[in-house]
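Observations on the model geometry
In case you want the letters, here they are:
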Amino acid sequence: MLSVEKSKIITKHLWKSPVIKTGLAALLVFFGLDFFFPTNTTVPYSTLITARDGSVLHAFLSRDDKWRMYAELDEITPPLRDAILFKEDKYFYYHPGFNPIAMLRAAARNLLTGRRTSGASTITMQTVRLLKPRDRTYTNKLIELFRAVQLEVHYSKNEILQLYLNLLPYGGNIEGLKSASLLYFGKLPVLLSLAELTTLTIIPNRPSSLRLGVHNELVKRERNRWLVRFQQASLFNEQTIQDARNEPLDAYRREAPQRAPHLAYRLRTENPNVPVIHATLNLTIQTTAEQVVERYANRIRAFNIHNSAVLVVDNQTREVVAYVGSADFTNSFDGGQVDGIRAIRSPGSALKPILYGLAFDAGVITPKTKLTDVPTNFGGYEPDNYDRRFNGPVTAEFALANSLNIPAVALLKEMGTSTLVTTLKNARFSAIKQQANQLGLSMILGGCGVTLEEMTRLYAGLANGGRWAMLNFTLPSVPQTSVSKQPDGVSLLSPEAAYLVTHTLTQITRPDLPNNFDNSYHLPRIAWKTGTSYGRRDAWSIGYNQRYTIGVWVGNFSGVGVPELSGANTATPLLFQLFNVLDYNSPTGWFRTPKEASTLSMRVICPETGDIPGEFCPNPTTDYYITGVSRYRICQHRKAVLTNPSATVSYCVQCRPDSSFIRRSYPNLSPELASFYQSRHVPFESIPPHNPACERVFGNEGQTGPHITSLNDGSEYFINPAQPAEMELSCQAPNDVQLVFWYLNDKLYRRAKPSEAIFFKPTPGTLKISCADDKGRNSDIRVLVKNE
Ligand SMILES: [Zn+2]
Ligand SMILES: [Zn+2]
């Protein structure tokens, strides 16, 4: 054993050894140079978009216009690695970037022959030259030597091999083995046969003379020459090599894949400098969807409808499995490059399901709650129905399934526009977020901007029991394109409300089935909703089953409306076709009543209102309700009235005689419904006029008077002073009202029936309009009349 003293002496001695000194100095110089001249291996690659199965969907030229595709480490299979190392650098895994023995041998040969040959080049040295070609001088050789060692210091052997394979020249603008594999054999490197990969290892030595697809015979001879060498070295098994030698050479220049162009361009922009972007797209579904859309687009072109877009989402994973941005990307005449999935358009009625869902959750309605579909004035806004007809009292589910406008606007008014806006903001509707302050009641009929992506995402939330989440366009290895992705999503609706919406949207007796729909045409089992925007510019149909949510938009990117365009007739047939080809006879089953929060139950209701049956409700039925949420209200569809025996006079508790009165029930109609029936001459039992001897003052009970529907409270009206036009006064009153009294600036103007329209000629100035009924209840409004 050495003593401490002795080892110190040895160390001291070693320091002085010239070999160590030189070595240390060389290291110092190397790291100095390494620090000041860092290695640069950044190369502009082609962007590749791959489908879920790994196949290449779309390839883009690199920034320097090369097909230089990035092969990942696991794409370099053992046979490929063995073949290339056998050919180029047998000691690759053992040398430090250069091979001293081979260099000495080459130097000796050069001295003997007086010629300069280059047999000593390692894969690392070749990589250095591929990264930056330099003139062949001795100085440059030294630089290359330094760069080679540098690569070895900073990268693993496999990474260097990967870089080398990605830079190999294949003639023209094709670089890298992966590019050659795809563009000459139409397959990924992992799928290459031994014959094919051998072919690809020999081209880079003479890329101009061994041109694939041109000199295939020559290439094949050269290939077989190397296969024989492999055989002699027992590199692969005998039979494999025999088969490879017999394999014909079927290489020709193919077009680079250009599938799913809209998604490809989008992902490339959203993931700059990522050479391989792994999309979630399912190649089979994408191909099918493209074909269906193309066929359909050809059919509707005759109607001057030129664009369609389709998005297919897997509900379980929220992965986008098909993305068709337009019917034909290459058709620049019709704006085929526009991405219809991201274009901001008017949704028509397609947002109604989420509003009904919110109303279910607020307890305001259950599926059989009666809503009134009658002409209504919402503070100056008088929406019409799509078919310009009104249905009177309808159930909430009928109103949604039939996409009635008045009940939807009334419901939005009751819920508050801000409730819907907040929900849609949570669901990342970007245009709605920006428009939030300007949005009014018309938004539920399409008065707002949405994209097909936002809509499909929203409906995928309905399919997931009300839980909303961002869509996935790429597999998790690439950072998500969304701002911040919530793994669990956001709960927009309770599972119960989502189920009720789904249940309603599944009804088959609907007017938004396509007109030409017949029994020979298979109706897929889906929940779906259509939308047609104002001016017939956009047709929507979005549907879902357990497995997929499919969003369809049809229209013109130019914004031109078409009379034939409608969600039911233009978009729904395409939606049905897609479901029928993609998920015919789906094995996944249908939505069940939610189990996790089983507060969805059935209760007995009166069909006249959807409320709990009261004293005068003879035909009870059942309806869904959400326990603890849905409103509990006793039905008041009829009310008890005290009358004389002949039912010509009604009494109140104050004026009823001590005897000879009868308690009867009368319909308890809302003022809107009463005036709707009156205007349509629908007979209904009126409550007899109140006892004229009664001294009670009704107005004191907090009841409001007739609802003035014209003019509009707080509005300004302009008149032509020369010829002032007549203006209309109208109101809606409950059905116990026989007479109303109109006052202009507190002066009686006219007495009339509640349903009667009254006209007057206004004069400029502030005008107070009052309407009182025969029970003494009064309503006032104020308007301003101005000269034009
Ligand atoms: Zn009832
Ligand atoms: Zn009375």
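Residues numbered from 1 in each chain as written. Chains lettered and ligands numbered in written order. Predicted model: local features only at pLDDT ≥ 70, side-chain atom pairs only at ≥ 80, totals over all residues. Heavy atoms only, no water.

Before going further, it helps to spend a moment on the pairing of strand 17 (residues 638-643). Across six bridges, strand 17 lies against strand 19 (residues 662-667) in antiparallel orientation. What sits directly across from Val641, in strand 19, is Arg664. Where strand 17 lies against strand 18 (residues 650-651), two bridges are found, and the strand directions are antiparallel. Looking at the pairing, Leu642 lines up with Tyr651 of strand 18. Count of turn residues in the strand 17/strand 18 antiparallel hairpin: six residues, of which Ala647 carries a positive phi of about 55°. (Pairing = 2+ DSSP bridges. Helix = DSSP H or I, 4+ residues; strand = E, 2+ residues; numbered from the N terminus.)

Tallied over the full model, the rule gives 18 aromatic pairs. Ring-pair connections join several aromatic residues into one group, and the members of that group are Phe86, Trp226, Phe230 and Phe236. The cationic tip of Lys87 hangs over the ring face of Trp226; the distance from NZ or CZ to the ring centre is 5.1 Å. Above the ring of Phe86, the side-chain terminus of Lys90 is found at 4.7 Å from the ring centroid. (Phe/Tyr/Trp six-rings, centres within 6.5 Å; stacked < 30°, edge-to-face > 60°. Lys NZ or Arg CZ within 6 Å of the ring centre and 35° of its normal.)

Okay, the coordination of the zinc ion (ligand 1) next. Only Cys606 (SG), Cys617 (SG), Cys635 (SG) and His637 (ND1) from the protein coordinate the zinc ion (ligand 1), and they sit 2.1 to 2.2 Å from it. If you look at the zinc ion (ligand 1), its four donor atoms make angles of 105 to 119° with each other, and the shape they trace is tetrahedral. Here the donor residues for the zinc ion (ligand 1) map to a single chain with the spacing C-x10-C-x17-C-x1-H. (Donors = N, O, S within 2.8 Å, 3.2 Å for Na, K, Ca; no water. Tetrahedral: all angles 85-135°; square planar, octahedral: opposite > 155°, others 65-115°.)

Okay, the side chain of Ser308 next. Relative to the assigned elements, Ser308 resides in strand 6 (residues 307-314). On the basis of relative accessible area, Ser308 is assigned to the buried category, the value being 0%. When neighbours within four sequence positions are excluded, Ser308 is seen to be in contact with Val293, Ala297, Ile300, Val324, Gly325, Ser326, Ala327, Trp553, Val554 and Leu574. (Buried < 20%, exposed > 50% of the residue type's maximum accessible area, 1.4 Å probe, protein only. Contact = heavy atoms within 4.5 Å.)

Our focus in this paragraph is the nonpolar core. If you look at the biggest cluster of nonpolar residues, it comprises 91 residues, and the most contacted ones within it are Leu351, Tyr356 and Ile432. By residue number, the principal contributor to this core is helix 19 (residues 452-463), which donates seven residues. Setting aside chain neighbours within four positions, we find Ile432 in contact with Leu351, Val421, Leu424, Leu439, Met443, Cys448, Gly449 and Val450. With 51 residues, the next largest nonpolar core counts Ile84, Ala148, Leu151 and Tyr170 among its residues. (Core = buried A, V, L, I, M, F, W, Y, C linked by side-chain atoms within 4.5 Å.)

Here we take up the pattern of salt bridges. As enumerated under the stated definition, the model contains 27 salt bridges in all. Arg342 serves as the salt-bridge partner of Asp339, at 3.2 Å between the closest nitrogen and oxygen. For Arg342, a relative accessible area of 39% translates into the label partly exposed. Residue Arg345 pairs with Asp538 through a salt bridge whose shortest N-O separation is 2.5 Å. Here Asp538 lies in strand 13 (residues 538-544) and Arg345 lies in the loop between strand 7 (319-324) and helix 14 (352-361), a separation of 193 residues in the sequence. What emerges from the salt-bridge pattern is a single network uniting Asp64, Lys66, Arg68 and Glu175. (Salt bridge = Lys/Arg side-chain N within 4 Å of Asp/Glu carboxyl O.)

Next up on the list: the packing of helix 8 (residues 177-185) against helix 9 (residues 194-202). With their axes 11 Å apart at the nearest point, helix 8 and helix 9 run at an angle of 125° to one another. In terms of orientation, helix 8 and helix 9 fall into the oblique class. Here helix 8 and helix 9 pass one another in a crossing that is right-handed. Within the contact between the two elements, helix 8 uses Leu177, Ala180, Ser181 and Phe185 and helix 9 uses Glu196, Thr199 and Leu200. By residue class, the composition of the contact of helix 8 with helix 9 is four nonpolar, two polar and one charged. (Axes fitted to C-alpha atoms, helices over the stretch in contact; angles between N-to-C directions. Parallel < 35°, antiparallel > 145°, perpendicular 65-115°, else oblique. Left-handed = near helix turned anticlockwise from the far one by under 90°. Nonpolar A, V, L, I, M, F, W, Y, C, P; charged D, E, K, R; others polar.)

Our next topic: the environment of Glu294. One can find Glu294 in helix 13 (residues 283-300). Accessibility expressed as a relative area gives 46% for Glu294, which makes it partly exposed. C-alpha of Glu294 to C-alpha of Asp328: the two residues are 34 residues apart in sequence and 7.2 Å apart in space.

Packing of helix 14 against helix 20 (residues 495-505) brings their axes to within 8 Å, and their N-to-C directions diverge by 135°. Considering the angle they form, helix 14 stands oblique to helix 20. Judged by the sense of rotation from one axis to the other, the crossing of helix 14 with helix 20 is right-handed. Of the residues in helix 20, those touching helix 14 at Pro353, Tyr356, Gly357, Phe360 and Asp361 are Ala497, Leu500, Val501 and Leu505. Of the residues in the contact of helix 14 with helix 20, the class split is seven nonpolar, one polar and one charged.

At the junction of Ser710 and Leu711, the peptide bond is cis and its omega measures out at 5° in the coordinates. Relative to the assigned elements, Leu711 resides in the loop between strand 20 (707-710) and strand 21 (716-719). The phi torsion at Ser403 lies on the positive side, around 55°, for a residue other than glycine. Structurally, Ser403 can be placed in the loop between helix 15 (396-401) and helix 16 (405-415). With a relative accessible area of 14%, Ser403 lands in the buried category. Even without being a glycine, Ser660 presents a positive backbone phi close to 50°. Turning to its location among the elements, Ser660 is positioned in the loop between strand 18 and strand 19.

When you line up the elements, Thr201 lands in helix 9. Here Thr198 takes part through its backbone oxygen, which lies 2.7 Å from a polar atom of the side chain of Thr201. Setting aside chain neighbours within four positions, we find Thr201 in contact with Leu80, Ala83, Ile84 and Lys87. (Polar contact = N/O pair within 3.5 Å; in protein donor to acceptor, adjacent residues only side chain to side chain.)

Another point: helix 16. Along helix 16, eight of the eleven residues are buried, which leaves the element largely enclosed by surrounding structure. Residues of helix 16 that are buried sit in contact with helix 14, strand 8 (370-373), strand 9 (392-395), helix 15 and helix 17 (417-426). The positive-phi residue at the C-terminal boundary of helix 16 is Gly416, with phi of around 95°.

This part is about helix 9. With nine of nine residues buried, helix 9 is to be regarded as a mostly interior element. Among all positions of helix 9, only Leu194, Ala195, Glu196, Leu197, Thr198, Thr199, Leu200, Thr201 and Ile202 are buried. As for helix 9, its buried residues are in contact with helix 3 (78-88), helix 8, helix 10 (216-232) and helix 11 (238-246).

With eight of its eight residues buried, strand 14 (residues 548-555) lies for the most part within the structure. When strand 13 meets strand 14, the two strands line up antiparallel, connected through seven bridges. Within strand 14, the residue paired with Tyr544 across the bridge is Thr549. Here strand 13 hands over to strand 14 after three residues, the two strands then running antiparallel side by side.

Turning to the sheet that holds strand 25 (residues 758-760), a few remarks are in order. Overall, antiparallel pairing links the three strands, which are arranged 20-22-25 in an open sheet. Two strands in the sheet have a free side with no partner beyond their single neighbour: strand 20 and strand 25. Across the sheet, the mean angle separating the axes of adjacent strands is 35° when strand polarity is ignored.

This next bit is on the sheet that holds strand 2 (residues 56-59). Pairing in this open sheet of three strands is mixed, and the strands run 2-1-5 from one edge to the other. Every other strand in the sheet has two partners, leaving strand 2 and strand 5 (276-278) as the edge strands with one partner each. When strand polarity is set aside, the average angle formed by the axes of neighbouring strands in this sheet is 20°. The sheet contact formed by strand 1 (residues 48-50) and strand 5 spans three bridges and is parallel. The residue of strand 5 that forms the bridge with Leu48 is Val276.

Time to look at a nonpolar patch on the surface. Together, Val19, Ile20, Leu24, Leu27, Phe31 and Val153 give the surface a local cluster of nonpolar side chains, amounting to about 530 Å² of exposed area. Per element, the largest residue contribution to the nonpolar patch is five residues, and it comes from helix 2 (residues 18-36). Following the sequence through the fold, Val153 ends up in helix 6 (residues 138-154). Residue Val153 is classed as partly exposed on the basis of its relative accessible area, which comes to 43%. (Patch = residues over 30% accessible without salt bridge, like charges linked within 9 Å, V, L, I, M, F, W, Y side chains within 5 Å. Areas by Shrake-Rupley, 256 points an atom, 1.4 Å probe, with all protein chains shown as cover.)

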